[in-house]
Protein chains: 2
Amino acid sequence: MINYPNGKIRKTQTTSASSSVKNRGMSLEKIINGANKFYLEQGRAVIHKKPTPVQIVNVSYPSRNKAKITEAYYQTPSTTDYNGIYKGHYIDFDVKESKNRTSFPLKNIHAHQIEHLRSVQAHDGLAFLIIHLKVDDTYWLLPYEKLAFYVKRAVKGRKSMTHEELKKESLPIKEGFRPRLDYLSAVDLWLEKT
Amino acid sequence: MINYPNGKIRKTQTTSASSSVKNRGMSLEKIINGANKFYLEQGRAVIHKKPTPVQIVNVSYPSRNKAKITEAYYQTPSTTDYNGIYKGHYIDFDVKESKNRTSFPLKNIHAHQIEHLRSVQAHDGLAFLIIHLKVDDTYWLLPYEKLAFYVKRAVKGRKSMTHEELKKESLPIKEGFRPRLDYLSAVDLWLEKT
């Protein structure tokens, strides 16, 4: 976590020369896809994004070679977007970006995703979220085992985690050059602790 | 493996009362999806089919609520169709059906799928194929570590495995009631051997 002078949260500035400038404007998904490609090339892990689920209604065959889908709709995914294997562990996560200035709304996470992460953890997989807080341009790995408490709290109480809670429960993901977000180093920290 | 009288390979007959009748006409993919649903409900494993990858070219918004995809094309998957976690192991496989009467053509398996299975095994995941031989209506779990030899042989030699080779290298998957194909029991046999 980066500490700013006067304890103030710095606003994102396009003129900033901070290390995070290079990621600006690049979606978290693209950054993670880039990291996964790098990890695969280096033989460090095999992690892929699942395709977006699409319900196909109509297909035409304008030529003999290629089917053209002419009517289809986006479907709600039944799981998280990413999974794979790292150091012999099954790894499963979703990525979330939050523009909120003070808290992380739990409605960002669908009920079926929570249920999926819970199942993965019950089978000794590594289940977590990667979260980008836009307000201070920081990245966090939040294990499902920590998130579970706040999901339970949300049933009758507060429907979000404060940024302080999120940072306390998460492992920081540092920005670098290759890959830009080395989130597996945060996984390493987590594995050391457990 | 079922043994037939006289050592003959029985042809599939629609009038047959064998235990495999119930699966007839049902694609292997549907059978495996059903097994995965059953395993998930029983808390035995968390294994899902990945969505079919689709390249989306055009989207229209006929109503405010729902995006309609009006032009899209099927893409070649870069990995296998199935993955998940079982007994703490990362599990990764594809399913193949073969109508061939005497051999299993290796061109059924795309190069990128071979490469993916190789990577998974290198990371200590369980990488394999589930194969349905239509000629005698039998199901087999072929570990990638066994398949690798025949892939290598195919570079300069025979481009297929004979059914005898396939059955020798694979674990049989028995048909039953729930799930219809209990392929995780074949995984158990494999784990016992290694």
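One structure accompanies this document, and this report is about it. (Residues numbered from 1 in each chain as written. Chains lettered and ligands numbered in written order. Predicted model: local features only at pLDDT ≥ 70, side-chain atom pairs only at ≥ 80, totals over all residues. Heavy atoms only, no water.)

**Things to note about the overall build of chain A**
Link 1 in the chain: Looking only at helices and strands, chain A has five helices and 10 strands in total.
Link 2 in the chain: Buried residues in chain A amount to 47% of all 194 residues.
Link 3 in the chain: Here the contacts in chain A between residues at least 6 apart in sequence split such that 62% fall between residues at least 24 apart.
Link 4 in the chain: Total accessible area computed for chain A in this model is approximately 10,300 Å², and 51% of it derives from carbon and sulfur atoms. (Helix = DSSP H or I, 4+ residues; strand = E, 2+ residues; numbered from the N terminus. Buried < 20%, exposed > 50% of the residue type's maximum accessible area, 1.4 Å probe, protein only. Contact = heavy atoms within 4.5 Å. Areas by Shrake-Rupley, 256 points an atom, 1.4 Å probe, with all protein chains shown as cover.)

**A look at the pairing of strand 5 (residues 89–98) of chain B**
All names here are of chain B.
Link 1 in the chain: With eight of 10 residues buried, strand 5 lies mostly within the body of the structure.
Link 2 in the chain: Pairing of strand 4 (residues 82–86) with strand 5 involves five bridges; the strand directions are antiparallel. Counterpart to Tyr82 in the pairing with strand 5 is Phe93.
Link 3 in the chain: Turn length for the strand 4-strand 5 hairpin, with the two strands adjacent in sequence and antiparallel, is two residues, and the turn residue Lys87 shows positive phi of about 50°.
Link 4 in the chain: Relative to strand 7 (residues 126–133), strand 5 is paired through eight bridges, and the arrangement is parallel. Bridge pairing links Ile91 to Leu126 in strand 7. (Pairing = 2+ DSSP bridges.)

**What to know about the relation of the copies chain A and chain B**
Both copies of the chain are related through a single rotation about an axis accompanied by a shift along the same axis.
Link 1 in the chain: When chain A is fitted to chain B, the residual RMSD is 0.0 Å, and the transformation amounts to a turn of 180° plus an axial shift of 0.0 Å. Taken together, these values place the two copies in the relation of a two-fold axis.
Link 2 in the chain: A shared binding surface is used by both copies, with 100% of the interface residues of chain A retained as interface residues in chain B. (Least-squares fit on C-alpha atoms with pLDDT ≥ 70 in both.)

**Quick notes on the nonpolar core**
Link 1 in the chain: The biggest cluster of nonpolar side chains holds 42 residues, and the ones touching the most others in it are Leu106(A), Leu147(A), Leu106(B) and Leu147(B).
Link 2 in the chain: At the level of secondary structure, the elements contributing two or more residues to this core comprise helix 2 (111–122), strand 7 (126–133), strand 8 (138–143) and helix 3 (144–156) of chain A together with helix 2 (111–122), strand 7, strand 8 (138–143) and helix 3 (144–156) of chain B.
Link 3 in the chain: Leave out the neighbours within four places in its chain, and Leu147(B) touches Leu106(B), Ile109(B), Ile114(B), Leu129(B), Leu142(B) and Met161(B). (Core = buried A, V, L, I, M, F, W, Y, C linked by side-chain atoms within 4.5 Å.)

**Side note on the sheet that holds strand 10 (residues 171–173) of chain B**
Residues and elements named next belong to chain B.
Link 1 in the chain: Pairing is mixed across the open sheet formed by six strands, whose spatial order is 1-4-5-7-8-10. Lying at the two open borders of the sheet, with one neighbouring strand each, are strand 1 (45–49) and strand 10. Sheet twist, expressed as the mean angle between neighbouring strand axes with direction ignored, is 25°.
Link 2 in the chain: Relative to strand 4, strand 1 runs antiparallel, the two sharing five bridges. Residue pairing in the sheet places Val46 in a bridge with Ile85 of strand 4.
Link 3 in the chain: Packing against the sheet, helix 2 makes contact with strand 5 and strand 7, and its axis sits at approximately 150° to strand 5. (Axes fitted to C-alpha atoms, helices over the stretch in contact; angles between N-to-C directions.)

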